[in-house]
Amino acid sequence: MNSQCIKVLLIEDNPGDTRLIKELFSECAPGSFELRCVALLSKGFAILESEEIDIILLDLSLPDSQGFETFVRVHDLTPEIPIIILTGFDDETLAIKAVKEGAQDYLAKGHVSRHLLARAARYAIERKRTEEALRKVRDELELRVQERTAELEIVNEELRCEIAERHRAEEAILVSEEKYRCLFEESRDSIAIITRAGEFLDINQAGLDMFGYTRSELMKKNISQLYVRQSDRKKYKEQIEREGSLRDYALRFLKKNGQEMDCVLTSTLKYSKDGNILGYQGIFRDVTEQKQMEEALQKSSEKIKLFAYSVSHDLKSPAISVYGLTKLLYKQYNESLDGKGQTYCEQILKSSEQLVALVEKINLYISTKEVSLLLERVNLERVLQIIKDEFSTRFSIRSIRCIVPDALPEIKADRLALLRILRNLVDNALKYGGEDLSKIVIGCEESSLHHIISVRDDGIGIGSEDSENIFDLFQRKGEVKDIEGSGLGLAIVKEISEQHGGSAWVQPAPEKGSIFYVSISKR
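Residues numbered from 1 in each chain as written. Predicted model: local features only at pLDDT ≥ 70, side-chain atom pairs only at ≥ 80, totals over all residues. Heavy atoms only, no water.

## Some thoughts on the sheet that holds strand 11 (residues 260-271)
Read across the sheet, 5 strands follow the order 9-8-12-11-10 without closing on themselves; strand pairing throughout is antiparallel. If you trace the sheet from one side to the other, it starts and ends with strand 9 (200-203) and strand 10 (245-254), each paired once. Taken over all neighbouring pairs, the strand axes of this sheet differ in orientation by 30° on average, direction set aside. Of the pairings in the sheet, the one linking strand 10 to strand 11 comprises 8 bridges and is antiparallel in character. When the bridges of strand 11 are listed, Leu251 appears paired with Cys263. Strands strand 8 (190-195), strand 10, strand 11 and strand 12 (277-286) of the sheet are contacted by helix 9 (residues 230-243), whose axis makes an angle of about 170° with strand 10. (Pairing = 2+ DSSP bridges. Helix = DSSP H or I, 4+ residues; strand = E, 2+ residues; numbered from the N terminus. Axes fitted to C-alpha atoms, helices over the stretch in contact; angles between N-to-C directions. Contact = heavy atoms within 4.5 Å.)

## Brief notes about the pattern of salt bridges
In a structure, side chains of opposite charge can pair up when their charged atoms sit close to one another. If you walk through the whole model with that rule in mind, you get 21 salt bridges. The closest approach of N and O atoms between Arg135 and Asp139, which form a salt bridge, is 3.0 Å. Highlighted residues: Arg135 and Asp139, both in helix 5 (residues 114-166), separated by 4 residues, approximately one helical turn. Look at Arg135 and you get partly exposed, because its relative accessible area is 36%. (Salt bridge = Lys/Arg side-chain N within 4 Å of Asp/Glu carboxyl O. Buried < 20%, exposed > 50% of the residue type's maximum accessible area, 1.4 Å probe, protein only.)

## Thoughts on the pairing of strand 17 (residues 450-457)
Counting buried residues along strand 17, 7 of its 8 residues qualify, which places the element largely inside the surrounding structure. Summarising the sheet, strand 16 (residues 439-446) and strand 17 pair through 7 bridges and their orientation is antiparallel. Of the residues in strand 17, the one forming a bridge with Ile440 is Asp457. Taking the residues between adjacent antiparallel strands as the criterion, strand 16 and strand 17 are bridged by 3 residues. Pairing of strand 17 with strand 19 (residues 514-521), which is carried by 7 bridges, proceeds in the antiparallel orientation. Across the sheet, the residue bridging to His450 is Ser521, located in strand 19.

## Notes on the packing of aromatic side chains
What characterises a pair of aromatic rings is the spacing of the ring centres plus the angle enclosed by the ring planes. All told, the structure shown has 10 aromatic pairs when counted by the stated rule. Taking NZ or CZ as reference, Lys97 lies 4.4 Å from the ring centre of Phe68, over its face. (Phe/Tyr/Trp six-rings, centres within 6.5 Å; stacked < 30°, edge-to-face > 60°. Lys NZ or Arg CZ within 6 Å of the ring centre and 35° of its normal.)

## What about the sheet that holds strand 19?
Within the open sheet, the 5 strands sit side by side as 14-16-17-19-18. Their pairing is mixed. Because the sheet does not close on itself, it has two edges, and the strands there are strand 14 (401-403) and strand 18 (504-508). Sheet twist, expressed as the mean angle between neighbouring strand axes with direction ignored, is 15°. Lying on the sheet, helix 17 (residues 489-499) is in contact with strand 18 and strand 19; it crosses strand 19 at an angle near 30°.

Below, the structure written as structure tokens:
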């Protein structure tokens, strides 16, 4: 990708949407984007085959391709090019499915600003680069593991053959043959011979280096002293004596300096001439670094996924608020605005400000690759007023009362994160409270270590079977499949509460409905 100009391919058959995207890109810095526009998927394929494209903006409904298949066809042709889905309110679920299958992001038509479009394009390209880098590291790691495993299998097979040929399985076994000793000592993996009682009979230099002992120190020790969990020693003995050999058996050992290490052990039994078990011969491989790399890859992958889903979820409520107010303004005050119309405009501005602030927060997350809390003294009363204003239209339409305490404390928290918690909980109550929902009560109390915020509703409530896992990613109540939602809102609430040193949980309300609790540490 040219650092001065990003080449964008827009595949969109709606002239109005195409014109809007063109105008938004034209407002960006001159020379920062070069836009190619086509209305048919076939024409898009022709450009992709003949030109270098940095990113694709894709409408899923085209004259020559419809629905999720549109994304699949483009992704299969150019898996290396990041794709952003253009969607409306009606096909958000389809867009989320595309994100899960490899799209970098999705944007709602008619709700995209110049800044959001530019950022989304740049971040999608960077995320694609990160994914490719992670994939390359994973492939290299798998290749290294395969090569090392092949080496271990060769060494172990040679050891097996040597044992079978020599039948040297006495309790004081010392391998003296030059060929075997050379293989034993020069192996890059740790090799040891140990009695059933756990005494070391022999160990090569690689093993001494791995555990950090001298030969004289280690020969005085029992292998059980090197286990992190003593129970693992018993399980290992039972399994190898039952099966005769073990391959890549996972164990945790202690080095001399007290450091724990993850190992895999390939081991065989050693027998006496009369067939009794004398001990065990094994090859130890330290996989601590490999395991850490795998965990790092997993965490990076989960962060990228969580980012993509949290963007769509967190922008959803403000977008609906803006949409609803604008619709009311057009319906009732299209000719002239009076005082009430001006109030609607002010509420639109407030919702827009929340969207901009949230996008900036997401920008910070992407740049640092992790969510960093900005802790400050937050006036809870002001935060709740923002929430009431944001949801005022939905409250009014459904005749729902929102009740908050008269006096509220200041708490130490991330202000935007706290808004996200309350926004998700109130939105959750409105979605799943049912037609009889009449009030939402927000409360705040304290324990010795935490501030505890609650959101109570008098809706249909949550069953005990749902309350156990409702805060997990993508968990939704079984009976609400037709209600719009991604299953991420409560998972985000739980994540933010844990970042604040607290937790999140739900209980049935005394009469009917549910009470969601979030604790914030007073630290």
